[in-house]
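Residues per chain, in single letters:
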Amino acid sequence: MKVLVIGTGYVGLNTGVALAYLGHKVTCLDVDERKIKMLQDCKAPIYEPHLDTMLELACPNIQYTTNYDEADIAITDVVFISVGTPSLMDGSANLEYVRQAAHSVGSRLNDHFTVVVNKSTVPIGSGHWVSAIVRDAYIESHGHKPDGNYAIASNPEFLRQGSALADTFYPDRIVVGASDARAIDVLTNLYRPLLNQDFAAPDCLPRPEGMGAVPVVTCDLASAELIKYAANSFLALKISYINEIAALSDKVGADINQVARGIGLDSRIGPRFLNPGIGWGGSCFGKDTAALVATAKEYNLEMPIVAAARDVNYRLRDTVVENLQAELKILKGRTVTLLGLAFKPNTDDLRDAPSIDIAKKLIQRGAKVRAHDPVAIENMKRQYPELEIEYFQDANEAVSDCDAVVLVTEWPEYRKLDWKALKSRIAVLDGRYFLNLG
Ligand code: UGA
């Protein structure tokens, strides 16, 4: 099939590359010329495991452009809108990029039937809003109403940064929401190789053992949109729940890793997303939980559980600094090393990363902050030039001659440091219960 993906962030790029690998003809469009130039040179503009290899493998079926007129929208079967939807001050999503994309698509549609898919995480109800924009743009450019030549669908994405391609090829489920049955048919055909799991797995991303056919959930637009928010909020509150238990566990002298294991082995609960520590960050959980609470408010509903999950999460960033102060007594003039800056391992993404808040709070209290991260230092320097942090390329150097170390991101290489020796000399705070320090 012929596919256009608008927006080459994590979601768009991984989707485009995976669909091209599966044999579809894909165009990826982004307004960011630097990104498109890199992609045209087969270079990944973001750090994501296996993306470089997959860009090469997808090469015969994929092209990149900044220009809508080069995207052949009039003969495209599926257009994915996967542009950014950053948060506004009130927690609601800024939909300006979605609007621009929908308008550009609508004005270029023709007689060929095209499914316009919202893949960005958009507020509930956005499907109808996008449909209206596409329709108005079509009328504006063609001078008459569209005649059943397009349909809107919602196809939320559940991939995680750091394992984005594996999640795309081997999803737990695919959700397709639309009111037009033709849209559901087109999208199930597009995803057929993923649903049947009958494609040849790339060497770098072998199919997980025992992986069978993937269930597809077909539903209406609003349900598909809500599934995305409800899934992310549930995962976020699962993490906040284990962190609440971790606080009590510390007080009563229990081992939270064993507690989490003991809970997670109950198949009704499940072991995943019960890793305790300094909580979630990233571009999704914070934004989506805030958006869910904001949407509920529009309907005069409160969401106290989701709101509490947020409170618990963001309080953890203060708790780290308070615990450090309790240990060192005085923070002023102390040198504190943060190990890990990215919001999670295997990514260089700093959005809503706990490291930023922790660094700010420490600096405010007069501490000298050092930091190491295997891949995120350049992003940190560029995005937060105002933060006075001394950066180290070598984790061993970063932890020598300091008063305290905080493990912020559980990069596996940090396990190799001599923690026993460090612990005998300085304060060590394992922000991810990762080191088994006893
Ligand atoms: C999350 C969801 O997991 C994806 O399903 C979803 O598609 C994505 O948001 C999105 O909406 O785009 P992501 O934010 O990339 O994915 O990463 P996660 O692996 O979910 O981690 C989020 C945060 O939770 C990280 O800061 C991580 O350190 C933290 N976390 C995760 C924990 O603190 N404990 C855990 O047990 C798991």
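Our subject is the structure listed above.
Residues numbered from 1 in each chain as written. Predicted model: local features only at pLDDT ≥ 70, side-chain atom pairs only at ≥ 80, totals over all residues. Heavy atoms only, no water.

Trainee: Can you walk me through the sheet that holds strand β2 (residues 25–29) in this structure?
Mentor: Picture the strands of a sheet paired through backbone hydrogen bonds; they go either parallel or antiparallel. Taken in spatial order, the eight strands make up an open sheet running β3-β2-β1-β4-β5-β6-β7-β8, and their pairing is mixed. Edge strands, defined here as strands with exactly one partner in the open sheet, are β3 (62–65) and β8 (216–219). The mean angle between the axes of side-by-side strands here comes to 20°, regardless of whether they run parallel or antiparallel. In this sheet, β2 lies alongside strand β1 (residues 2–6) in parallel orientation, the contact comprising five bridges. (Pairing = 2+ DSSP bridges. Helix = DSSP H or I, 4+ residues; strand = E, 2+ residues; numbered from the N terminus. Axes fitted to C-alpha atoms, helices over the stretch in contact; angles between N-to-C directions.)

Trainee: Teacher, can you tell me more about the packing of aromatic side chains here?
Mentor: Between two aromatic rings, the relevant description is the distance of the centres plus the angle of the planes. Counted according to the given criterion, the structure contains seven aromatic pairs. Between phenylalanine 169 and tyrosine 170, the ring centres sit 6.2 Å apart and the planes meet at 45°, which makes this aromatic pair tilted. Here the two residues phenylalanine 169 and tyrosine 170 agree in accessibility, since each one is buried. Following the ring pairs from residue to residue traces out a cluster consisting of Tyr21, Phe169, Tyr170 and Phe199. (Phe/Tyr/Trp six-rings, centres within 6.5 Å; stacked < 30°, edge-to-face > 60°. Buried < 20%, exposed > 50% of the residue type's maximum accessible area, 1.4 Å probe, protein only.)

Trainee: Explanation requested: the packing of helix α1 (residues 10–21) against helix α3 (residues 51–58) in the structure shown.
Mentor: The geometry of a pair of packed helices is captured by two quantities: the angle between their axes and the separation between those axes. At a minimum axis separation of 8 Å, α1 and α3 run at an interaxial angle of 45°. What the angle tells us is that α1 and α3 run oblique. Both α1 and α3 take part in a crossing whose hand is left-handed. Contacts between α1 and α3 involve Leu13, Asn14, Val17, Ala20 and Tyr21 from the first element and Leu51, Met54, Leu55, Leu57 and Ala58 from the second. Looking at the contact of α1 with α3 residue by residue, the class counts come to nine nonpolar, one polar and no charged. (Parallel < 35°, antiparallel > 145°, perpendicular 65-115°, else oblique. Left-handed = near helix turned anticlockwise from the far one by under 90°. Contact = heavy atoms within 4.5 Å. Nonpolar A, V, L, I, M, F, W, Y, C, P; charged D, E, K, R; others polar.)

Trainee: Looking at this structure, I do not really get empty space enclosed by the protein. What am I missing?
Mentor: In this approach a probe as big as a water molecule rolls over the atoms, and the regions it shows empty are the leftover space. Throughout the structure, instances matching the rule amount to two cavities of 30 Å³ or more. Together, Asn118, Lys119, Ser120, Thr121, Val122, Ser154, Pro156, Glu157, Ala224, Glu225, Lys228 and Tyr229 line the largest cavity. The dominant element in the lining of the largest cavity, judged by the number of residues it contributes, is helix α9 (residues 221–252), at four residues. (1 Å grid on protein atoms, 1.4 Å probe; cavity = no way out; pocket = protein on both sides within 12 Å on 5 of 7 lines; lining within 4 Å. Points joined across faces, edges and corners; volume = space filled by probe spheres on them.)

Trainee: Please explain the sheet that holds strand β13 (residues 427–430) as it appears in this structure.
Mentor: Taking strand neighbours across the sheet as the criterion, the five strands line up as β11-β10-β9-β12-β13 in an open arrangement whose pairing is parallel. Strand pairing shows two members of the sheet lacking a second neighbour, β11 (389–392) and β13, which therefore form its edges. Put simply, the sheet's adjacent strands are angled 20° from each other on average, direction ignored. Sitting on the sheet, helix α12 (residues 304–328) touches β9 (335–339), β12 (404–407) and β13, and the angle it makes with β13 is about 160°.

Trainee: I keep staring at the pattern of salt bridges and nothing clicks. Help me out?
Mentor: Close approach of charged atoms allows side chains of opposite charge to pair. Counted under the stated rule, the structure contains 15 salt bridges. The residue arginine 268 makes a salt bridge to aspartate 266 at a minimum N-O spacing of 2.8 Å. Under the relative-accessibility criterion, aspartate 266 is labelled partly exposed at 24%. Where aspartate 357 meets arginine 317, a salt bridge forms, and the shortest distance between an N and an O atom there is 2.9 Å. On the criterion of sequence distance, the pair formed by aspartate 357 in helix α13 (residues 354–364) and arginine 317 in helix α12 is long-range, its members being 40 residues apart. Through salt bridges with shared partners, one network takes in Arg317, Asp352 and Asp357. (Salt bridge = Lys/Arg side-chain N within 4 Å of Asp/Glu carboxyl O.)

Geometry only, nothing functional implied.
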